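Structural characterization, general
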Amino acid sequence: MTRENNLPGGAFSAADNIQQEQPSSRPMIPKNEEPGTESLGAAKNTVSTLAKTMSSSVSNPFGCSPFVAKPSPLRSLYAEYVHILVGPKKIDFGIHRGLLCQASKFFQAALNGSFAEALTGIVELPEENPYIFENVHTWLYTKEVKSITNGEDVPCNVNRLVELFIFGDKMGMPTFCNETIDLLIDVFEKENQVVAFFLARAWENTSAGSPLRKLLVATYVQHTNDLESFHADFFPPMLACPDFLLDLAKAYSARRGDPPKKRHIADPCQYHQHAEGEERCPKKETF
Ligand SMILES: [Zn+2]
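Note that the structure is predicted; figures quoted are calculated from it, not measured.

Cut-offs used in this document
Residues numbered from 1 in each chain as written. Predicted model: local features only at pLDDT ≥ 70, side-chain atom pairs only at ≥ 80, totals over all residues. Helix = DSSP H or I, 4+ residues; strand = E, 2+ residues; numbered from the N terminus. Buried ≥ 20, exposed ≤ 12 C-beta atoms within 10 Å, placed from the backbone. Contact = placed C-beta atoms within 7 Å. Expected span 1.5 Å × (residues − 1). Pairing = 2+ DSSP bridges. Axes fitted to C-alpha atoms, helices over the stretch in contact; angles between N-to-C directions. Core = buried A, V, L, I, M, F, W, Y, C linked by C-beta atoms within 7 Å. Parallel < 35°, antiparallel > 145°, perpendicular 65-115°, else oblique. Nonpolar A, V, L, I, M, F, W, Y, C, P; charged D, E, K, R; others polar. pLDDT = per-residue confidence, 0-100.

A short note on the overall build of the chain
A tally of regular secondary structure across the chain gives 13 helices and five strands. A total of 287 residues make up the chain; the buried ones form 25% of that total. Sequence-distant contacts, at least 24 apart, represent 62% of the contacts inside the chain between residues at least 6 apart.

Structural data, given as C-alpha cells:
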C-alpha cells in the first residue's frame, strides 16, 4: 500500500486553511530490506577478521589497522534508517537516523537513549499530522521548506508555516524553526498585510518569549497604530487569544505612540534560535 492511498485527512481540515497536498511518493526502505545491507554484515566480519589477522601476525608501523576506516561524520548521517510512524494511521516515513538526530533534540534523545525506540528504530507520533511531517522530511533532505501540490513544489502558506514552526519547536529543531521564521517574514513583507486566523493556535502551542510570538506581534505593530486600526474581521480571532492581545498591548506601549516606521524586518536573526557561540545571521539591506 502506498502512502498516497493511506494518508488520512490529518488533524486539520480545509477550513483551517491548511494546504492538503498529496505528499510525494518516496520509497520507504525497511531497515532490514535496505539494498546492500544483506552483504554488509559479511563484509564487516571479513574486515574484522582481516584486521585481527593482521594485528596478530604482521608488524604495523602505523600503530593501527589500515583496513578499518573510521566513519566520517557525513557518512555516519546516512549509515542507518529509522522509521517515524505519523498520525493515527501510522504513515511510515523512513529517514536516516543521523540526519534526523542531528536536526532534532527530541529524536536525538528518543533514538539514542535507553528508550525502546533506540533499539527498534521506530518512533510513533500518533498525534502529529503526516502532511506536516512530510514537509519536515523534505526539508531534512533538501533544506527547502516546500509543500507539494499536483506533483509540484510550491511555497507554504502562512498557516502551514505556523504549524511547521510549532512542530519544529516541539521537536527541538532550531534550524528548521529559523527557516520557517524567515519564510514567514518573506510572506508578511511580500503580502504587506497581517492575518489573524492562526493566533490562538500559535499562542496555545508556544511559550512566552517564543520567536514566533515575537515575530507575529512585531508584524502587527509594524502594520497598525492601535487596535482601532484593525478591520472588524480581525476581532473574533484576536479576542479568542487574550494572551496575544496582552502582548500586542505591551508592544504598542513600548512603541509609545510612534507611527509604524518600516514594513520591513531588517534583522530576522532577532527571531532566530542559535546555539551559544553560533554566528548570527547577517542583517538584510534596509530600504
Ligand atoms: Zn539567525
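A few points about helix 7 (residues 130–142)
Taking 1.5 Å as the rise per residue, helix 7 with 13 residues should run 18 Å; its terminal C-alpha atoms sit 18 Å apart, in good agreement. The complete set of buried residues in helix 7 reads Pro 130, Tyr 131, Ile 132, Phe 133, Glu 134, Asn 135, Val 136, His 137 and Trp 139. The inward-facing, buried residues of helix 7 contact strand 1 (81–86), strand 2 (91–96), strand 4 (146–149), helix 8 (158–170) and helix 9 (174–191).

Section: the sheet that holds strand 1
Backbone-to-backbone hydrogen bonds join strands into a sheet, with any given pair of strands oriented parallel or antiparallel. Taken in spatial order, the three strands line up as 2-1-3 in an open sheet, and their pairing is mixed. Edge positions in the sheet fall to strand 2 and strand 3 (122–125), since each of these pairs with one other strand and no more. Taken over all neighbouring pairs, the strand axes of this sheet differ in orientation by 25° on average, direction set aside. In terms of strand pairing, strand 1 meets strand 2 through six bridges, oriented antiparallel. Along strand 2, the bridge assignment pairs Val 86 with Ile 91. Lying over the sheet, helix 7 contacts strand 1 and strand 2, oriented at roughly 15° with respect to strand 2.

Quick look at the pairing of strand 5 (residues 152–155)
In terms of strand pairing, strand 4 meets strand 5 through four bridges, oriented antiparallel. Across the sheet, the residue bridging to Ser 147 is Val 154, located in strand 5. Turn length for the strand 4-strand 5 hairpin, with the two strands adjacent in sequence and antiparallel, is two residues, and the turn residue Asn 150 shows positive phi of about 50°.

Side note on the environment of Met 238
Along the chain, Met 238 falls in helix 12 (residues 235–239). Distance from Met 238 to Phe 197, taken between C-alpha atoms, is 8.2 Å for residues 41 residues apart in sequence. Apart from the residues lying within four places of it in its own chain, the contact partners of Met 238 are Ala 196, Leu 199, Phe 244 and Leu 245.

Digging into the nonpolar core
With 46 residues, the main nonpolar core has Ile 84, Leu 161, Val 162, Leu 164, Phe 165 and Ala 202 as its most contacted residues. Ignoring anything within four residues of it in the chain, the contact list for Ala 202 reads Val 162, Leu 212, Arg 213 and Leu 216.

Observations concerning the packing of helix 7 against helix 8
Between helix 7 and helix 8, the least distance of the axes is 10 Å, while the angle of their chain directions is 75°. Between helix 7 and helix 8, the crossing angle belongs to the class labelled roughly perpendicular. Along the contact surface, helix 7 presents Ile 132, Asn 135 and Val 136, while helix 8 presents Glu 163, Leu 164 and Phe 167. A per-class count over the contact of helix 7 with helix 8 returns four nonpolar, one polar and one charged.

A closer look at the confidence of the model for the chain
Confidence in the prediction for the chain averages 77 pLDDT; 71% of positions are at 70 or higher. Here residues 1–67 is a poorly scored stretch, pLDDT under 50, and it has 67 contacts once near neighbours within four places are set aside; other chains count.

Digging into helix 8
In this model helix 8 runs 18 Å from its N-terminal to its C-terminal C-alpha over 13 residues, within 8% of the 18 Å that 1.5 Å per residue would give. Across the 13 residues that make up helix 8, a large majority, ten, are buried. Of all the positions in helix 8, only Arg 160, Leu 161, Val 162, Glu 163, Leu 164, Phe 165, Ile 166, Phe 167, Gly 168 and Asp 169 are classed as buried. Contacts from the buried residues of helix 8 go to helix 7, strand 4, helix 9, helix 10 (199–204) and helix 11 (211–223). Looking one or two places after helix 8, you find Gly 172, whose phi comes out positive at around 65°.

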